[in-house]
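Spelled out from the first residue to the last, the chains are:
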Amino acid sequence: MKQPATSTGSQLAWVGMGLAAPAAFLLVVLYALPLLSLLLLSFTDYELGATALRWVGVENFQRAWNDPVFIRSLRNTLLYMAIVIPGGVLLSLWVALLVHQRTRSRSFYEVIYFLPVTSTLIAMATVWQFLLHPKLGFINAALRAVGLGETAFITDPAWVIPVLSFIGLWQMVGFNMIIYLAGLAQIPPDMYEAAEVDGVVGGWERFTHITWPLLAPTTVFVVVTTCISAFKVFDTVLALTQGKSQSEVILYAIYLEGFQYFKMGYAAALTLIFLGLIFVASSIQLIKLDKKAHYA
Amino acid sequence: MSASLKLTNVSKAFGQTQVLRQVSLDIQPGEFVSLLGPSGCGKSTLLRIIAGLIHADEGDVQLNAQSVMGLKPNQRNIAMVFQNYALYPHMTVRDNIATPLVMSRMGFWARQPLLHRFWPGNHSIKQEIEKFVMSTAKGLQIEALLDRKPGQLSGGQKQRVALARAMVRSPSVFLMDEPLSNLDAKLRVQVRDELSDLHLRLKATFLYVTHDQTEALTLSDRVAVMDAGQVLQYDSPQNLYQKPDNLAVARFIGNPQINCWEMKVDGLGRLNQGQWLVQGTMPLSAHSTVTLGLRPEHIQVSDNPSLFASDVDVRVKVRVMRVENHGPDWVFWAEPDVSKSVPLTVRASNRSLAKVAVGDSLWIGWALQDCLIFGANGQRLDINLIPGSTT
């Protein structure tokens, strides 16, 4: 049999496409097609179980704009993010700095702070519900004891989002702390020694001069992941309030429309808005922050 | 400009491990001194104690006859260059070099982020700092790199920036922690020469930590050879090579390692081993054990035992076991034909020996005056060997 001495360009192209095909196939089936069907669905009035559907154009999006529940869920999500993102980043950094300096007790603290990440939220929600209970809860008992009266944390619309944010923080800090600890371990110790010889003394300047700038890539990662998980808050709402006392967040609103009211077309439109928001937010962060954070 | 440095009985332990044991060193103003030793011998720890980065358990460090034990690193008028350069990756080269000046000349609030732009008086201080940075950078020929970040620099350039950052406040003592070990071989020689020039130019005191004997011997006025937290010998490179105080120093200095073999002194104070019988210029104590040291480059090679130079006292017939070609030199390992003799390392110029291969049989010989003699405790005995008499 005669072998060709060299492959021609078109042969190479076919081989290349053949090799890329399995990955491309999965990409299309798992991401592109669902996204496309979501897009198509969002322009229809499809309801779960219905046998027919109608093309309604942008009606679903107009409806979303005028839907007080969806607008409230947007506002709630933004408030939740406004608390959880800075809190989740700064608090976990602070905890990581404290834990990093421990030598023998370090693994103990790592486990303690990481526990909320590993525990099932539905089970933990029961604990929180009990803790926050106006009559039986430990927190209100403490408040009563110092004369601050009692607060219905879960049923008071003014309190419910801050309380959910706090639980979100509690759940998230351990995870971010582990990432920050990994970042701290990457900082070469002679950097601090050089700084000390150069006259950078005192904790604050060591932090602003070395730790914070050298943790920048870690911080970008933590901000982006925190932002996305804050966007996606759902399980605490479902477990603690079921959207009562005006505590709807975006995902919960989508869940209600799609799986409680079976309005799949409308839910698809809301999902599209949600995806668009996440896309814009993470692109801005990655492009803006990444440029600043990598010093090559 | 330069300062004297005096260490007195400095000791340090990390937990159970004693890292430094009663180390004392006296360094003259303007001297270039190296701390030479294997990894883990405590040389870097000693440097950090001098810098003030680590506290000694006991002992004293004096700069210009003033104790600096209570002073912070930045108050000691020293600068340090680190093995990994430790440049601040988020700052430009200019800001890296300026850091020591910014920290010492601008107040706490004046140098805070944002605030520093508006702080009264900062403008003229910054101009002054820029002037110093510029002149230091010029001295090291890195003006063109000032606006780059460390990530964009090569190893040699980073090294220069690290030097510039150390030089910029004109310290009286430079501490260098293996500054060349991250450079490739060629660059290492080049930067080594530059360091030597720099020392001549700055006339400051240099204390240089290395595990590389070539660096230590070529650069230094004096070298402190360290092992296991102690200074084994503190002397000029020449003396370390020619008159090592003890076996450990003799083994550490010289490449390839010095040949050593133990010999029993007989009842008459002579060393008697087959074909050679020698005695000391001063009597060796009878029935003791001594160690003989012979540098590989002091061994001569010949095909014919009668063709050796006249100063060769000992001639041994050997068989070549292993050969390395080092370009100008051969290094080979040879086993004497006489049984029970240890194999010897020989270093011979390829001018005196055109070719050598495994299995070759040839004669080696050496002068007794080139042998170093160490007593049972490892200390060198200050005597020469002479051919022994049978009476």
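What you are looking at is a predicted structure, and each value in this text was computed from that prediction instead of being measured.

Undergrad: I'd like a rundown of the overall build of chain A, residues and numbers included.
TA: Assigned secondary structure in chain A consists of 13 helices and zero strands. The order of α-helices and β-strands along chain A, N terminus first, is α-α-α-α-α-α-α-α-α-α-α-α-α. The globule rule puts the C-alpha radius of gyration for 296 residues at 19 Å, and the 25 Å found for chain A is more than 25% above it. Dimensions of chain A, computed from the C-alpha atoms along their principal axes, are close to 80 × 60 × 35 Å.

Undergrad: Tell me about the domain arrangement of chain B, and name the residues and values.
TA: All names here are of chain B. As far as domains go, chain B holds domain 1 (5-249) and domain 2 (258-387). Measuring from the centre of the C-alpha atoms in domain 1 to the corresponding centre in domain 2 gives 42 Å. Contact residues are listed per partner, giving five residues for domain 1 and seven residues for domain 2. Looking at side-chain class alone, the side of domain 1 that touches domain 2 contains three nonpolar, one polar and one charged residues.

Undergrad: If you had to explain the interface of chain B and chain A to someone new, which residues and values would you point to?
TA: Residue-level contacts link 20 residues of chain B with 16 residues of chain A. Among the elements that line the side of chain B that touches chain A, the one with the most residues is helix 2 (residues 93-105) of chain B, at four residues. Class assignment for the residues of the side of chain B that touches chain A results in eleven nonpolar, seven polar and two charged.

Undergrad: Could you give an account of the packing of helix 3 (residues 68-101) of chain A against helix 12 (residues 250-260) of chain A, naming the residues involved and the relevant values?
TA: Residue and element names in this part refer to chain A. One can describe the packing of helix 3 onto helix 12 by two numbers: an axis separation of 8 Å at closest approach and a directional angle of 150°. When the axes of helix 3 and helix 12 are compared, the pair comes out roughly antiparallel. Contacts from Val69, Phe70, Ser73, Leu74 and Thr77 in helix 3 reach Ile250, Tyr252 and Ala253 in helix 12. For the contact of helix 3 with helix 12, the residue count by class is six nonpolar, two polar and no charged.

Undergrad: Residues and numbers for unusual backbone geometry, please.
TA: Residue and element names in this part refer to chain B. With omega at 0°, the peptide bond leading from Asn255 into Pro256 counts as cis. Looking at the element boundaries, Pro256 is found in the loop between helix 9 (247-252) and strand 11 (259-264). The backbone of Gln22 sits at a positive phi, close to 50°, despite the residue not being glycine. Positionally, Gln22 belongs in strand 2 (residues 17-27). A residue is classified by how many C-beta atoms lie within 10 Å of it, and Gln22, with 14 of them, is partly exposed.

Undergrad: Run through the sheet that holds strand 8 (residues 205-210) of chain B, naming residues and quoting values.
TA: All names here are of chain B. One open sheet accounts for six strands, arranged 6-7-8-3-9-10; its pairing is mixed. In this open sheet, the two edge strands, each paired with only one partner strand, are strand 6 (78-81) and strand 10 (230-235). Averaged over all neighbouring strand pairs, the angle between strand axes comes to 15°, with direction disregarded. Examined bridge by bridge, strand 7 (residues 173-177) and strand 8 share five bridges and lie parallel to one another. Across the sheet, Val173 pairs through a bridge with Thr205, a residue of strand 8.

Undergrad: If you had to explain the packing of helix 2 of chain B against helix 4 (residues 122-139) of chain B to someone new, which residues and values would you point to?
TA: Residue and element names in this part refer to chain B. Where helix 2 meets helix 4, the axes come as close as 9 Å, and the angle between the chain directions of the two elements is 135°. The angle between the axes of helix 2 and helix 4 places the two elements in the oblique class. Two packed elements cross with a definite hand, and for helix 2 against helix 4 that hand is right-handed. Where helix 2 approaches helix 4, its residues Arg94, Ile97, Ala98, Leu101, Val102 and Arg105 are matched on the opposing element by Ile125, Ile129, Phe132, Val133, Thr136 and Ala137. Residue composition of the contact of helix 2 with helix 4, by class: nine nonpolar, one polar and two charged.

Undergrad: Before we move on, can you summarise helix 1 (residues 43-51) of chain B with the specific residues and values?
TA: Residue and element names in this part refer to chain B. In terms of burial, helix 1 is largely enclosed, as nine of its nine residues are buried. Those residues of helix 1 that fall on the buried side of the exposure criterion are Lys43, Ser44, Thr45, Leu46, Leu47, Arg48, Ile49, Ile50 and Ala51. Just beyond helix 1, the residue with positive phi is Gly52, at close to 95°.

Undergrad: Tell me about the nonpolar core, and please be specific about residues and values.
TA: By size, the foremost hydrophobic cluster in this structure holds 148 residues, and its most contacted members are B:Ile50, B:Leu175, B:Leu207 and B:Ala224. Looking at this core, the element that brings in the most residues is helix 7 (residues 157-186) of chain A, giving twelve residues. Counting only domains with at least three residues in this core, you end up with domain 1 (5-249) and domain 2 (258-387) of chain B. Among residues more than four places away in sequence, those in contact with B:Ile50 are B:Leu5, B:Val61, B:Ile78, B:Leu175 and B:Leu207. Listed in part, the six residues of the second largest apolar core include B:Val265, B:Leu271, B:Val278 and B:Leu368.

Undergrad: Let's hear about the pairing of strand 3 (residues 32-36) of chain B: which residues, and what values?
TA: All names here are of chain B. With five of its five residues buried, strand 3 lies for the most part within the structure. Alternating positions in strand 3 separate into two faces, Phe32, Ser34 and Leu36 on one and Val33 and Leu35 on the other, with burial throughout. Of the pairings in the sheet, the one linking strand 3 to strand 8 comprises five bridges and is parallel in character. Bridged to Leu36 within strand 8 is Thr210. Bridge count for strand 3 against strand 9 (residues 222-227) is four bridges, and the pairing is parallel.

Undergrad: Any details on the sheet that holds strand 17 (residues 329-336) of chain B? Residues and values, ideally.
TA: Residue and element names in this part refer to chain B. Here we have five strands laid out as an open sheet, ordered 15-19-16-17-18, and antiparallel in their pairing. With one partner strand each, in any of the chains shown, strand 15 (300-302) and strand 18 (344-349) form the two edges of the open sheet. Within the sheet, the average angular offset between the axes of one strand and its neighbour, ignoring direction, is 45°. Taken together, the six bridges between strand 16 (residues 314-325) and strand 19 (residues 361-366) define a ladder with antiparallel strand orientation. When the sheet's bridge partners are listed, Arg315 is paired in strand 19 with Gly365.

Undergrad: Tell me about helix 2 of chain B, and please be specific about residues and values.
TA: All names here are of chain B. Taking 1.5 Å per residue as the helical rise, helix 2 with its 13 residues ought to reach 18 Å, and the 19 Å between its terminal C-alpha atoms agrees with that figure. Thr99 marks the point of greatest bend in helix 2, at about 45°, and the proline Pro100 comes within the next four residues. Burial in helix 2 covers these residues: Val93, Asn96, Ile97, Ala98, Thr99, Pro100, Leu101 and Met103. Tucked into the core, helix 2 has its buried residues touching helix 4 and helix 5 (155-167).

What counts as what
- Residues numbered from 1 in each chain as written.
- Chains lettered and ligands numbered in written order.
- Predicted model: local features only at pLDDT ≥ 70, side-chain atom pairs only at ≥ 80, totals over all residues.
- Helix = DSSP H or I, 4+ residues; strand = E, 2+ residues; numbered from the N terminus.
- Rg over C-alpha atoms; globule rule 2.2 N^0.38 Å.
- Domains from an automatic or database assignment.
- Contact = placed C-beta atoms within 7 Å.
- Nonpolar A, V, L, I, M, F, W, Y, C, P; charged D, E, K, R; others polar.
- Axes fitted to C-alpha atoms, helices over the stretch in contact; angles between N-to-C directions.
- Parallel < 35°, antiparallel > 145°, perpendicular 65-115°, else oblique.
- Buried ≥ 20, exposed ≤ 12 C-beta atoms within 10 Å, placed from the backbone.
- Pairing = 2+ DSSP bridges.
- Left-handed = near helix turned anticlockwise from the far one by under 90°.
- Core = buried A, V, L, I, M, F, W, Y, C linked by C-beta atoms within 7 Å.
- Expected span 1.5 Å × (residues − 1).
- Bend = angle between axes of the 7 residues up to and from the residue.

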